[in-house]
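The primary structure of each chain is shown beneath.
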Amino acid sequence: LAVPPADEKYIPVDSTRASYYPFGASTSSDRLISLSARPPKSNEEVTDGSANVRQLLGLKGASETTDIWKIRLQLTKPVTWIPLVWGVMCGAAASGNYHWIWNPFDPNDRDVMLGLEDTAKGFVAMILAGPFLTGYTQTINDWYDREIDAINEPYRPIPSGAISEGQVIAQIWFLLLGGLGIAYGLDAWAGHDVPTVLLLSIFGSFISYIYSAPPLKLKQNGWAGNYALGCSYISLPWWCGQAVFGELDRPVYFILPILYSIAGLGIAIVNDFKSVEGDRQLGLQSLPVAFGIDTAKWICAGSVTVTQLGVAAYLQSINETTYAAILMGLLLPQIYYQATLLIPDPVANDVKYQASSQPFFVFGILATALCLGHHDFMA
């Protein structure tokens, strides 16, 4: 092996260590993992007092820590749990069978014990979707990105050596198997003859694996990778929440979440604009790389807008005029922010656009779910 330059730090990797199939340990070809290859950016700790919170949430600008449990939590990126938890809520709403502890709007929905049971079911489903399966997804993604992170973000837990390979692999297995166990428990709790939640969890875990792991590594392809993200963040948690409280027994319960996942593909494209140069150098075919920034921004705006127009049109077609109008009202601000932020400069305005537009998008998903839950399909 070549001797590392004096100004670089490396972690020696024991090539005789056991492999944890399918999450193999480092091979002999990468016995030395670069920790400081003159990275373009460093993790400068923020000075606004939020450094410790950022560390726990897995955000940039975090403080450093040697507490292994804080590092484990950081690997799961708790900030990314939020969309999945929201998706479970939407699925519960779409089922039309979620009961409040005491519903102030419906005197027939005030069974406290039934409401407490449904609250507990919903909480467990959120734990499944968030800490366990999203935590699994984020940990496995960091595992397979460890060599690129050693160059671009050497301060991250794995390339920095803050957590060992064995500890990472153990965390992956714990979160995966624990999540599947919780999914089976939810199926038993809901009285399912077919373990719907477990099957959804297995499918989602498989998508997470092939998204990050070679040889497929979907994230290298703009279309497949971004749609996998959209599906994982919208459709799967929706279906999970709906399956816990109701049935997935109509095509519309699949079609509408899939449409929203196509919109999610557009949202995922926004995250690719800032890394277009690095993706091009690494040979990653993100949509901004494959089509150019100017074309990709229109694909982004079009997928977000057209899919929501389609959902609104469907709601109108089943005579849910109020919900269709609400959805259109939530779409208009998104179009405004596309015209004023995304289209003029998607690279400079990516974060501002997401922060401005996404709240209207996610409330649109909830409005659609509430519509389905209240609609009488037998009328």
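Preceding this section is the structure that the text describes.
Residues numbered from 1 in each chain as written. Predicted model: local features only at pLDDT ≥ 70, side-chain atom pairs only at ≥ 80, totals over all residues. Heavy atoms only, no water.

Undergrad: Give a description of the packing of aromatic side chains that names residues and reports values.
TA: According to the stated counting rule, one finds eleven aromatic pairs in the structure shown. Ring centres of W239 and F254 lie 5.4 Å apart, and the angle between their planes is 50°; this geometry places the pair in the tilted category. Separated by 15 residues along the polypeptide, W239 in helix α9 (residues 222-245) and F254 in helix α10 (residues 252-273) bring together distant segments of the chain. Under the relative-accessibility criterion, W239 is labelled buried at 8%. Grouped by ring-pair contacts, the aromatic residues Y336, Y337 and F360 constitute a single cluster. The lysine or arginine in question, R72, covers the ring of W69, its NZ or CZ lying 5.4 Å from the ring centre. Between R110 and the ring centre of W102, over which it is positioned, the NZ or CZ distance is 4.0 Å. (Phe/Tyr/Trp six-rings, centres within 6.5 Å; stacked < 30°, edge-to-face > 60°. Helix = DSSP H or I, 4+ residues; strand = E, 2+ residues; numbered from the N terminus. Buried < 20%, exposed > 50% of the residue type's maximum accessible area, 1.4 Å probe, protein only. Lys NZ or Arg CZ within 6 Å of the ring centre and 35° of its normal.)

Undergrad: Break down the pattern of salt bridges for me, with residues and values.
TA: In this structure the tally under the stated criterion is six salt bridges. Of the charged contacts, one joins D142 and R156 as a salt bridge, the two residues approaching to 2.6 Å between their closest N and O atoms. You can see D142 sitting in helix α4 (residues 112-144) and its partner R156 sitting in the loop between α5 (146-152) and α6 (157-160), a full 14 residues away along the chain. On the basis of relative accessibility, which here comes to 5%, the residue D142 falls in the buried class. Ionic pairing is found between D149 and R156, a salt bridge with its closest N-O pair at 3.9 Å. Here D149 matches R156 in class, with each residue buried. One continuous salt-bridge network, built from bridges that share partners, spans K77, D142, D149 and R156. (Salt bridge = Lys/Arg side-chain N within 4 Å of Asp/Glu carboxyl O.)

Undergrad: Can you lay out the side chain of D350 for me, pointing to particular residues and giving the numbers?
TA: With respect to the element layout, D350 can be found in helix α15 (residues 350-374). The buried charged residue D350 lacks any salt bridge, with K274 as its nearest oppositely charged partner at 4.6 Å. Sequence-distant contacts of D350, that is, excluding residues within four places in its chain, are made with V270 and K274. (Lys, Arg positive; Asp, Glu negative; His and termini not counted. Contact = heavy atoms within 4.5 Å.)

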